[in-house]
Amino acid sequence: MKILLHTLGLILLMNCGSTQMVQTPSQGGEQSVTVNPAKSDEDSFTNSERIGDIMKYLASDDLKGRDSGSEGIEMAAKYIENYFKSYQVKPYFDSYRDTITNYKEPSYNIVGIVEGSDPDLKNEYIVIGAHYDHIGTIAPENGDYIANGANDNASGTTSVMEMARYFGTHKTNKRSLIFALFTAEEKGLLGSEHLAKKLHEQNLNLYTMLNFEMIGVPLQGKDYFVYITGYNRSNLAEISNGYADEELVGFLPTAKEYNLYQRSDNYAFHKEFGVPSHTFCTFDFTNFGHYHKVGDEVDLMDFDHMATLVNKVLPVLEGIANASTQEIQLK
Ligand SMILES: [Zn+2]
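Residues numbered from 1 in each chain as written. Predicted model: local features only at pLDDT ≥ 70, side-chain atom pairs only at ≥ 80, totals over all residues. Heavy atoms only, no water.

Undergrad: Could you give an account of the pairing of strand β8 (residues 206-212), with specific residues and numbers?
TA: Of all seven residues that make up β8, seven are buried, and the element is covered over most of its length. Note that strand β4 (residues 125-131) and β8 share five bridges and pair parallel. Pairing of tyrosine 125 across the sheet is with leucine 206, part of β8. As paired strands, β8 and strand β11 (residues 277-281) are joined by four bridges and run parallel to one another. Note that in β11 the partner of leucine 210 across the bridge is histidine 278. (Buried < 20%, exposed > 50% of the residue type's maximum accessible area, 1.4 Å probe, protein only. Helix = DSSP H or I, 4+ residues; strand = E, 2+ residues; numbered from the N terminus. Pairing = 2+ DSSP bridges.)

Undergrad: Residues and numbers for helix α3 (residues 71-86), please.
TA: End to end, α3 covers 23 Å across 16 residues, agreeing with the expected 22 Å (1.5 Å per residue, within 8%). Among all positions of α3, only Gly72, Ile73, Met75, Ala76, Ala77, Tyr79, Ile80, Glu81, Asn82, Tyr83 and Phe84 are buried. Lining the buried residues of α3 we find α2 (48-58), β2 (97-99), β3 (108-114), α4 (150-170) and β7 (176-182). The backbone nitrogen of glycine 72 has a side-chain oxygen 3.4 Å away, supplied by the residue at the start of α3, namely serine 70. Positive backbone phi, approximately 55 degrees, marks glutamine 88, located one or two places after α3. (Expected span 1.5 Å × (residues − 1). Contact = heavy atoms within 4.5 Å. Polar contact = N/O pair within 3.5 Å; in protein donor to acceptor, adjacent residues only side chain to side chain.)

Undergrad: Account for unusual backbone geometry, with residues named and values stated.
TA: Cis peptide bonds are those with omega within 30 degrees of zero, and the linkage from aspartate 152 to asparagine 153 qualifies with 5 degrees. Among the structural elements, asparagine 153 can be located in helix α4. Here the phi dihedral of lysine 64 falls at roughly 45 degrees; this positive angle occurs in a residue that is not glycine. Residues other than glycine seldom take positive phi values, yet methionine 214 does so here, at roughly 50 degrees. Mapped onto the elements, methionine 214 comes out in the loop between β8 and β9 (226-228).

These figures capture arrangement, not role.
Have a look at this one:
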């Protein structure tokens, strides 16, 4: 998320915050991805262990902060592709890779699809996305120069990968679901702008775009679990809370104040398609003090919270994907 740093600086001042189960691409060649068998009880699809496995890889020092065009983000790209492949999420284009044309370095969005099962509704599309890039290496602090980007945005990437795994293995969606991991968000929303433009030119029948950003730590003292940007622009919160059967999605005044609606990848789809496009987030400027710093490390992330968010959002996505009409409407 691109937030005006001086604003953030002000706010912070004010508030004064192993090798892994997955075979990594650096071992070369095609590998099938196996993740710890989920010890999920009936109603929770993912759990903190699964979330932790993915997060520990994406936010590891090996990936050097996943800067666009870097070797580190290339490792992340391969990892996501293998993940999609392993859970029957098909490439949206000829391959999973969508090469962006608006950045100086070769960079790729990773785009997969789980086609809808209904003969009519499958021609309506929902984009579920998150940016998987971060800012790479920065000025060292106590010798640490890697901005690991655990919260920003390995957390959103991990949640979208787990949602893709759910629908890839369950196929419970009537509308078609496009899972998009964007590159070059930190360079100015370049990856999502490229993809939104391309899909628009291809006349994609987009219903809504749901983006996930900085969901690594829980909100404190709120009567809802996650907020959406652009809360007043559509009835998404209402519809989501209906399917969640609780006050899952709420309104964060600061998000409006700082116009976060325009600062993440939902905005590119808003601009191109003019459909309901929102970002889900649990970062509220008070609960995390390492934005764009070397301290944005995986051990500060709350895997239980992230697993709970995914497990609570899945029935919402299912409801939205299967409703007979497009309930989410712009206001
Ligand atoms: Zn971000």
